[in-house]
Amino acid sequence: MPIAVAPPPAQVASAQVDSGSRSAVVCVRAAGPRPLFFTGKLVAKNPASKPPGDFELPLKANVDQCNNLLRSKVADWNLSVTTPGFTACKLPAPEFGYRVTYSAKASARGLSCGQIAKSPIGAWK
(Lines give C-alpha, C1' and ligand atoms only; values in the text may rest on other atoms or scores of the structure.)
Protein backbone atom coordinates (compact mmCIF):
# COMPACT_ATOMS: atom_id res chain seq x y z
CA MET A 1 0.00 0.00 0.00
CA PRO A 2 1.55 3.34 -1.02
CA ILE A 3 2.09 6.02 1.60
CA ALA A 4 0.40 9.33 0.88
CA VAL A 5 2.51 12.38 1.52
CA ALA A 6 0.79 15.65 2.35
CA PRO A 7 1.80 18.63 0.23
CA PRO A 8 3.97 21.26 1.94
CA PRO A 9 2.06 24.06 3.67
CA ALA A 10 1.24 27.06 1.51
CA GLN A 11 4.01 29.60 1.41
CA VAL A 12 3.22 32.90 3.08
CA ALA A 13 3.60 35.90 0.83
CA SER A 14 7.25 36.87 0.92
CA ALA A 15 6.54 40.57 0.44
CA GLN A 16 7.63 42.60 3.43
CA VAL A 17 5.29 45.33 4.59
CA ASP A 18 6.97 48.64 5.33
CA SER A 19 6.15 49.83 8.85
CA GLY A 20 5.81 53.34 7.41
CA SER A 21 3.10 52.37 4.92
CA ARG A 22 0.81 55.28 4.20
CA SER A 23 -2.34 53.49 3.10
CA ALA A 24 -4.60 50.52 3.70
CA VAL A 25 -7.37 49.02 1.60
CA VAL A 26 -10.39 47.79 3.54
CA CYS A 27 -13.08 45.80 1.71
CA VAL A 28 -16.43 44.49 2.95
CA ARG A 29 -18.46 41.73 1.25
CA ALA A 30 -22.14 41.66 2.24
CA ALA A 31 -24.38 38.61 2.35
CA GLY A 32 -28.16 38.47 2.53
CA PRO A 33 -31.02 40.65 1.32
CA ARG A 34 -30.87 43.31 4.05
CA PRO A 35 -29.35 46.72 3.09
CA LEU A 36 -25.94 47.13 4.75
CA PHE A 37 -23.63 50.16 4.84
CA PHE A 38 -19.84 50.34 5.26
CA THR A 39 -19.03 53.48 7.26
CA GLY A 40 -15.79 55.12 8.29
CA LYS A 41 -14.99 58.14 10.36
CA LEU A 42 -11.77 59.90 11.21
CA VAL A 43 -11.72 60.63 14.96
CA ALA A 44 -9.33 63.46 15.79
CA LYS A 45 -6.75 62.95 18.52
CA ASN A 46 -7.23 66.64 19.37
CA PRO A 47 -10.92 67.25 20.18
CA ALA A 48 -10.77 70.80 18.79
CA SER A 49 -10.17 69.66 15.19
CA LYS A 50 -12.56 67.93 12.78
CA PRO A 51 -10.69 66.11 10.02
CA PRO A 52 -12.39 65.33 6.69
CA GLY A 53 -12.67 61.81 5.35
CA ASP A 54 -15.94 60.39 6.72
CA PHE A 55 -17.75 58.04 4.33
CA GLU A 56 -20.80 55.79 4.10
CA LEU A 57 -20.93 53.29 1.25
CA PRO A 58 -23.91 51.04 0.44
CA LEU A 59 -23.04 47.33 0.19
CA LYS A 60 -24.37 44.92 -2.44
CA ALA A 61 -24.70 41.19 -1.81
CA ASN A 62 -21.61 39.14 -2.79
CA VAL A 63 -19.71 42.20 -4.09
CA ASP A 64 -16.59 43.62 -2.45
CA GLN A 65 -16.94 47.31 -1.58
CA CYS A 66 -13.45 48.70 -0.99
CA ASN A 67 -12.10 51.99 0.28
CA ASN A 68 -8.50 53.26 0.35
CA LEU A 69 -7.65 54.73 3.74
CA LEU A 70 -4.69 57.02 4.29
CA ARG A 71 -2.67 57.18 7.48
CA SER A 72 -3.17 60.29 9.57
CA LYS A 73 -0.94 61.64 12.32
CA VAL A 74 -3.79 63.66 13.86
CA ALA A 75 -6.71 61.21 13.65
CA ASP A 76 -7.62 57.51 13.87
CA TRP A 77 -10.04 55.54 11.68
CA ASN A 78 -13.23 54.04 13.18
CA LEU A 79 -14.80 51.55 10.77
CA SER A 80 -18.15 49.76 11.03
CA VAL A 81 -20.92 48.03 9.11
CA THR A 82 -24.43 49.26 9.86
CA THR A 83 -28.03 48.48 8.99
CA PRO A 84 -31.24 49.97 10.39
CA GLY A 85 -32.53 48.19 13.50
CA PHE A 86 -29.26 46.42 14.40
CA THR A 87 -26.26 47.32 16.54
CA ALA A 88 -23.32 48.35 14.33
CA CYS A 89 -20.59 45.79 13.74
CA LYS A 90 -17.24 47.43 14.55
CA LEU A 91 -14.26 46.57 12.36
CA PRO A 92 -10.69 46.69 13.70
CA ALA A 93 -8.50 49.69 12.91
CA PRO A 94 -6.94 49.37 9.45
CA GLU A 95 -3.54 47.71 9.16
CA PHE A 96 -1.57 50.06 6.94
CA GLY A 97 0.27 48.30 4.16
CA TYR A 98 -2.40 45.59 3.83
CA ARG A 99 -5.59 44.88 1.89
CA VAL A 100 -8.09 43.32 4.31
CA THR A 101 -11.47 41.88 3.32
CA TYR A 102 -14.31 41.37 5.80
CA SER A 103 -17.66 39.62 5.45
CA ALA A 104 -20.86 41.13 6.85
CA LYS A 105 -24.23 39.47 7.31
CA ALA A 106 -27.46 40.45 9.04
CA SER A 107 -29.43 37.51 10.41
CA ALA A 108 -32.08 36.91 13.06
CA ARG A 109 -29.28 36.89 15.67
CA GLY A 110 -27.98 40.30 14.63
CA LEU A 111 -25.25 41.75 12.48
CA SER A 112 -22.00 39.78 12.29
CA CYS A 113 -18.64 40.61 10.70
CA GLY A 114 -15.44 38.63 10.26
CA GLN A 115 -12.13 38.83 8.41
CA ILE A 116 -11.93 36.56 5.37
CA ALA A 117 -8.72 37.68 3.62
CA LYS A 118 -5.55 39.69 4.20
CA SER A 119 -2.68 40.41 1.84
CA PRO A 120 0.15 42.96 1.58
CA ILE A 121 -0.43 45.87 -0.79
CA GLY A 122 3.15 46.22 -1.96
CA ALA A 123 5.43 49.19 -2.46
CA TRP A 124 4.33 52.50 -3.93
CA LYS A 125 5.68 53.10 -7.41
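Data block above holds the structure.
Cut-offs used in this document
Residues numbered from 1 in each chain as written. Predicted model: local features only at pLDDT ≥ 70, side-chain atom pairs only at ≥ 80, totals over all residues. Heavy atoms only, no water. Helix = DSSP H or I, 4+ residues; strand = E, 2+ residues; numbered from the N terminus. Pairing = 2+ DSSP bridges. Disulfide = S-S within 2.5 Å.

Right, let's talk about unusual backbone geometry for a bit. For Asn-62, which is not a glycine, the phi torsion comes out positive at approximately 60°. Mapping Asn-62 onto the fold places it in the loop between strand E3 (55-59) and strand E4 (64-70).

For strand E2 (residues 36-44) and strand E5 (residues 75-82), the ladder comprises eight bridges, and the chain directions are antiparallel. Across the sheet, the residue bridging to Leu-42 is Trp-77, located in E5. Of the strand pairs in this sheet, E5 and strand E6 (residues 89-91) are connected by three bridges, and their pairing is antiparallel. Each residue of the ladder has a partner; that of Val-81, found in E6, is Cys-89. Where E5 folds back onto E6 in an antiparallel hairpin, the turn is made up of six residues, including Gly-85, whose phi is positive at roughly 90°.

Within the structure shown, the criterion is met by two disulfides. Across a sulfur-sulfur distance of 2.0 Å, Cys-27 and Cys-66 are joined as a disulfide pair. The sign of the 105° torsion about the S-S bond sets the Cys-27-Cys-66 disulfide as right-handed. Highlighted residues: Cys-27 in strand E1 (residues 23-31) and Cys-66 in strand E4, separated in sequence by 39 residues. Each sulfur of the disulfide joining Cys-89 and Cys-113 lies 2.2 Å from the other.

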